[in-house]
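So the chains spell out like this:
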Amino acid sequence: MKLATWNVNSLTVRLPQVLEWLDLHQPDVLALQETKVVDERFPVAALEALGYGSVFAGQKTYNGVALLSRRPLDNPKVGVPGLDDPQRRVVAATVGDVRVVCVYVPNGQQVGSEKFTYKLEWLAATRAWLEAELAEHTRVAVMGDLNIAPEDRDVHSPKRWEGQVLVSAPERDAFRGLLGTGLHDAFRLHPQPERVFSWWNYGALAFPRNWGLRIDHILVSAPLAAVCQSCEIDVGPRGHTRPSDHAPVIATFADP
DNA sequence: ATGGTCGGAGACCGA
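Predicted model only: the values in this text are computed from it and were never measured.

What follows covers the overall build of chain A. A tally of regular secondary structure across chain A gives 6 helices and 14 strands. Relative to its length of 256 residues, chain A is compact, with a C-alpha radius of gyration of 17 Å against a globular reference of 18 Å. Taken along the three principal axes of its C-alpha coordinates, chain A extends 45 × 40 × 40 Å. When the 256 residues of chain A are sorted by exposure, 55% land in the buried category. Contacts in chain A between residues at least 24 apart in sequence constitute 69% of all its contacts with a sequence separation of at least 6. On chain A, roughly 11300 Å² of surface is accessible, and the fraction owed to carbon and sulfur atoms is 51%. Taking the average place of the 26 positive charges on the side chains of chain A and the average place of its 30 negative ones, the gap between the two points comes to 5 Å.

In structure tokens form, the structure reads like this:
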């Protein structure tokens, strides 16, 4: 089984790249963030032509998440129960015996800002909900743009980023809180090269010089972690013309 | 020192 996540920064713009990537990698599930497309305009037919069904929750201009799968997406749920949030940031569904959760964590803008408070409150509510999901399902995968670089080794220049949004202590505490529910960072289950990132600022220099952060993640419950074979970031699409600023993350799991 | 959206210029969000 192959699970993947990709912040595409507008599915409308990136659709040709997404279709090409699906065809090349053939994931069982692809989670998308920042689709920036209302549900009425979600490209259902183009994805179905490749054999992928979809569940999605979009809005005008901002946010928007989706799950694509070749197998049925059962019991789809939009949003975090109890969190009254008009921003479309969460969609979950069951594929086979795996509960897959796609998240687009708020950016936070600046440490101490109103949006930063929203980010931390959002993360606390999401953590509580994930605890319930983990109690209900054995095999759980939470994947998406977490907008947190969990450790200094996930940052190209820890000194330059120290205390900034995406790397600050409260955000890293919240990330550890997610791991505290029994989730494991699939990327760190395996030996990895140094300086592997999933996001690079737009701008001519950032990607060629690998000035990036690892903020896109696949978190898995212990039974999935036990059969996780690999977790990699595919930097290929970041080098395309008119790319997303994020690269896809892929994890593979042994079939039972 | 750059991208996407909405709307028809530039504010807003992004990270």
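As a further point, take the packing of helix α3 (residues 114–136) against helix α5 (residues 169–180). A pair of packed helices is captured by two measures, namely the crossing angle of their axes and the spacing between those axes. Across the interface, α3 lies against α5 with an axial gap of 10 Å and an inter-helix angle of 10°. Taken as axis vectors, α3 and α5 run roughly parallel relative to one another. Residues F116, K119, L120, L123, R127 and L130 of α3 form the contact with α5, whose own contacting residues are P170, E171, A174, G177 and L178. Split by residue class, the contact of α3 with α5 holds 7 nonpolar, 1 polar and 3 charged.

So, about the pattern of salt bridges. Across all of its chains, the model carries 11 salt bridges by this definition. Measuring nitrogen to oxygen at the nearest pair gives 3.9 Å for the salt bridge that ties K36 to E34. Here the salt bridges share partners, and the residues they tie into one network are D154, D185, R188 and R214.

As a further point, take the UniProt feature "site: Transition state stabilizer" (unreviewed entry) in chain A. Summarizing the sequence annotation, UniProt attributes the feature "site: Transition state stabilizer" (unreviewed entry) to N147 in the numbering used throughout. Structurally, N147 can be placed in the loop between β8 (139–145) and α4 (158–161). With near-sequence residues (within four places) excluded, N147 lies in contact with Y104, V105, P106, N107, K119, L166, E171 and I215.

What follows is about the packing of aromatic side chains. Scanning the model with the defined rule gives 4 aromatic pairs in all. Ring plane angle 15° and centroid distance 4.0 Å describe the contact between F42 and F56, whose orientation is recorded as stacked. On the criterion of sequence distance, the pair formed by F42 in the loop between β2 (29–33) and α2 (44–48) and F56 in strand β3 (residues 53–57) is long-range, its members being 14 residues apart. Residue F56 is classed as partly exposed on the basis of its relative accessible area, which comes to 22%. Taking 6.4 Å as the distance between ring centres and 90° as the angle between the ring planes, the aromatic pair formed by W161 and W199 counts as edge-to-face. Within this pair, whereas W161 is found in helix α4, its partner W199 is found in strand β10 (residues 199–200), the two being separated by 38 residues in sequence. When sorted by exposure, W161 lands in the same class as W199, which is buried.

Criteria and thresholds
- Residues numbered from 1 in each chain as written.
- Chains lettered and ligands numbered in written order.
- Predicted model: local features only at pLDDT ≥ 70, side-chain atom pairs only at ≥ 80, totals over all residues.
- Heavy atoms only, no water.
- Helix = DSSP H or I, 4+ residues; strand = E, 2+ residues; numbered from the N terminus.
- Rg over C-alpha atoms; globule rule 2.2 N^0.38 Å.
- Buried < 20%, exposed > 50% of the residue type's maximum accessible area, 1.4 Å probe, protein only.
- Contact = heavy atoms within 4.5 Å.
- Areas by Shrake-Rupley, 256 points an atom, 1.4 Å probe, with all protein chains shown as cover.
- Lys, Arg positive; Asp, Glu negative; His and termini not counted.
- Charge placed at Lys NZ, Arg CZ, Asp CG, Glu CD.
- Axes fitted to C-alpha atoms, helices over the stretch in contact; angles between N-to-C directions.
- Parallel < 35°, antiparallel > 145°, perpendicular 65-115°, else oblique.
- Nonpolar A, V, L, I, M, F, W, Y, C, P; charged D, E, K, R; others polar.
- Salt bridge = Lys/Arg side-chain N within 4 Å of Asp/Glu carboxyl O.
- UniProt positions renumbered as here; feature names shortened; annotations may be inferred.
- Phe/Tyr/Trp six-rings, centres within 6.5 Å; stacked < 30°, edge-to-face > 60°.

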